[in-house]
Amino acid sequence: MSSAKASGADASSQGGSGSARPRDHNQGNQDRKYTAEQKAAVIRIRRCKATAFYDILDLEASRTTCTDAEIKKAYRKQSLLTHPDKNGYEHADEAFKMVSRAFGVLGDKEKREKFDRFGTDPDSRFESARAQAGNPFSGFGGGARGPGAGAGPGPGFGGAGMWDDEISPEEMFQRFFGGGFGGPFGGFDAGPQFVFNIGGNRGFRVHQMGGANPRGRPRDTAQRPQSGWDTFVGLLPILFLFIFPILSSLFSSGETAPAVPTMVFDAAYPPQTLHRTTPKLGVHYYVDPRDVAEWTDYRFRQLDKEAEVGFVRTMRRRCDTEIRTKRDLVDKAQGWFFPDPDKMKIAEEFEMTSCKRLDKLRVSR
């Protein structure tokens, strides 16, 4: 009995002392081990800027030449060093998320090109828009480092780590709620996407909250029945193609300017026996009376002008022919060694009647 009481007293005394003793809060990593290399990796990564993805993966020295295989290799190495299940050092989970985020950008070809061009997080619309608006020529700098490039140790990068960096609201949301972190050890969904309109009318901008890719506006999949007006509009090109030439031919078949009748100059030659005279040069010409039987004075005056123009054109053409003919005669009369007097005489006596007539009428050749 005494032993039982003693044991009970001991138990009660131990219980009383246990209730008064303060309990240590279990952080989950007090008893977990880590190596010096794992500790150094966590400290190095947390000193990097949140968007210094090459620095995070320890690829800053070869950022312009590293291949996709090298990026994957660096990601595997850093993720094994910082994974919370294998690294018990404090803030290892934050370093692991930064490694996963860096690989999520550099492992995607399109996102990597945007990051190399603007130096900002390609998934952050705020930072990308600000970088493009602030420096529209930043993509042409070749090896220049953008504002999101890695930073070494120094004021503002120790102690607080990545929380001192400038981040967008989307990045803050992802850090607090675990969105956008992937990798071979599993990832977290970016959360639901919400699409809404301002005003509810068609044509307003569609806004999105959450998620990496914008969701398109839902459209009515039912096909609208085609009306008669739509059919008519679709046939308009064909109607113009066939109807316009027909209408043109109908309108052009009416009364138009008369064709110039056949005419001869200087002397009548039947059936061109109706005598006319040009208005300025006074050249005589003749036409067939039957071709101009019902013509008015106005049409005759127009015919006189056309006859004068045709006469001058004909005289100039004949004058050119005469000049070429006389030049050929002179060339033939020259001979190989000495000129031929007979041929030279023929060339000199060659008459250029058309040229002389133009000169007489004081018309340029």
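Here, the structure is the one placed above.
Residues numbered from 1 in each chain as written. Predicted model: local features only at pLDDT ≥ 70, side-chain atom pairs only at ≥ 80, totals over all residues. Heavy atoms only, no water.

1. Side note on the overall build of the protein
- Of the regular secondary structure elements, the protein holds twelve helices and five strands.
- Scored against the burial criterion, the 365 residues of the protein give a buried share of 26%.
- With the model as given, the accessible surface of the protein reaches about 25700 Å², and the carbon-plus-sulfur share is 56%. (Helix = DSSP H or I, 4+ residues; strand = E, 2+ residues; numbered from the N terminus. Buried < 20%, exposed > 50% of the residue type's maximum accessible area, 1.4 Å probe, protein only. Areas by Shrake-Rupley, 256 points an atom, 1.4 Å probe, with all protein chains shown as cover.)

2. Comments concerning the nonpolar core
- Judged by nonpolar contacts, the single largest core of 21 residues is most densely connected at Phe53, Ile56, Leu57 and Leu106.
- When residues of this core are traced back to their parent elements, those giving at least two are α2 (36–47), α3 (53–56), α4 (68–82) and α5 (92–106).
- For this core, the element with the most residues is α5, which contributes seven residues.
- Apart from the residues lying within four places of it in its own chain, the contact partners of leucine 57 are Ile71, Ala74, Tyr75, Gln78, Val99, Ala102, Phe103 and Leu106.
- Val283, Met315, Met352 and Cys355 belong to the second largest nonpolar core, which has nine residues in total. (Core = buried A, V, L, I, M, F, W, Y, C linked by side-chain atoms within 4.5 Å. Contact = heavy atoms within 4.5 Å.)

3. Notes on the pattern of salt bridges
- According to the stated counting rule, one finds 13 salt bridges in the structure shown.
- Of the charged contacts in the structure, one is a salt bridge between aspartate 359 and arginine 365, with a shortest N-O distance of 2.8 Å.
- Judged by its relative accessible area of 42%, aspartate 359 is partly exposed. (Salt bridge = Lys/Arg side-chain N within 4 Å of Asp/Glu carboxyl O.)

4. Topic: the environment of glycine 88
- In this structure, glycine 88 sits in the loop between α4 and α5.
- What makes glycine 88 buried here is its relative accessible area of 6%.
- Between the C-alpha atom of glycine 88 and that of tyrosine 34, which follows or precedes it by 54 residues, the distance is 5.2 Å.

5. Quick look at helix α6 (residues 109–118)
- Listed as buried for α6 are Arg112, Phe115 and Phe118. For α6, the angular spread of buried residues about the axis comes to 150°, placing them on one side. Among the exposed residues of α6, those oriented more than 90 degrees off its buried face are Lys109 and Glu110.
- Its side-chain oxygen placed 3.1 Å from the backbone nitrogen of glutamate 110, aspartate 108 serves as the N-cap of α6.
- Two residues or fewer after α6 comes glycine 119, characterised by a positive phi angle close to 75°. (Arc of directions from axis to C-beta. Polar contact = N/O pair within 3.5 Å; in protein donor to acceptor, adjacent residues only side chain to side chain.)

6. A look at the packing of α2 against α5
- Direction vectors running N to C along α2 and α5 enclose 60°, while the axes themselves pass 9 Å from each other. If you check the angle between α2 and α5, you find them oblique. α5 is crossed by α2, and the crossing has left-handed handedness. Between α2 and α5, the residues in contact are Val42, Ile45 and Arg46 and Ala92, Glu94, Ala95, Met98 and Val99, respectively.
- Across the contact of α2 with α5, the residue classes tally to six nonpolar, no polar and two charged. (Axes fitted to C-alpha atoms, helices over the stretch in contact; angles between N-to-C directions. Parallel < 35°, antiparallel > 145°, perpendicular 65-115°, else oblique. Left-handed = near helix turned anticlockwise from the far one by under 90°. Nonpolar A, V, L, I, M, F, W, Y, C, P; charged D, E, K, R; others polar.)

7. Some points on the sheet that holds strand β3 (residues 263–265)
- The sheet built from three strands is open, its strands ordered β3-β5-β4 with antiparallel pairing. The strands lining the two open edges of the sheet, one partner per strand, are β3 and β4 (274–277). Taking each pair of neighbouring strands and ignoring which way they run, the sheet shows an average axis angle of 30°. (Pairing = 2+ DSSP bridges.)

8. A closer look at the environment of glutamine 38
- Summarising the element assignment, glutamine 38 is placed in helix α2.
- The class of glutamine 38 is buried, set by a relative accessible area of 10%.
- With 50 residues separating them along the chain, glutamine 38 and glycine 88 place their C-alpha atoms 8.7 Å apart.
- Discounting chain neighbours no more than four positions away, the residues touching glutamine 38 are Lys33, Leu80, Leu81, Lys86 and Asn87.
- Among the polar contacts listed, one links the side chain of glutamine 38 to the backbone oxygen of lysine 86, at a separation of 3.1 Å.

9. Re the state of the cysteines
- Evaluated as defined, the whole model comprises one disulfide.
- Disulfide pairing is shown between cysteine 319 and cysteine 355; the S-S distance is 1.9 Å. Judged by the sign of its S-S torsion, about 105°, the bond between cysteine 319 and cysteine 355 is right-handed. Placement of cysteine 319 in helix α10 (residues 297–334) and of cysteine 355 in helix α12 (residues 353–360) is noted, with a sequence separation of 36 residues between them. The burial state of cysteine 319 is the same as that of cysteine 355; both residues are buried. (Disulfide = S-S within 2.5 Å.)

10. Let's talk about the packing of α4 against α5
- Direction vectors running N to C along α4 and α5 enclose 165°, while the axes themselves pass 9 Å from each other. When the axes of α4 and α5 are compared, the pair comes out roughly antiparallel. For the element pair α4 and α5, the recorded crossing hand is left-handed. Across the interface between the two elements, Ile71, Lys72, Tyr75, Gln78, Ser79 and Thr82 of α4 pack against Ala92, Ala95, Phe96, Val99, Ser100, Phe103 and Leu106 of α5.
- Among the residues forming the contact of α4 with α5, the class breakdown is eight nonpolar, four polar and one charged.

Any link to function would need more than the numbers given here.
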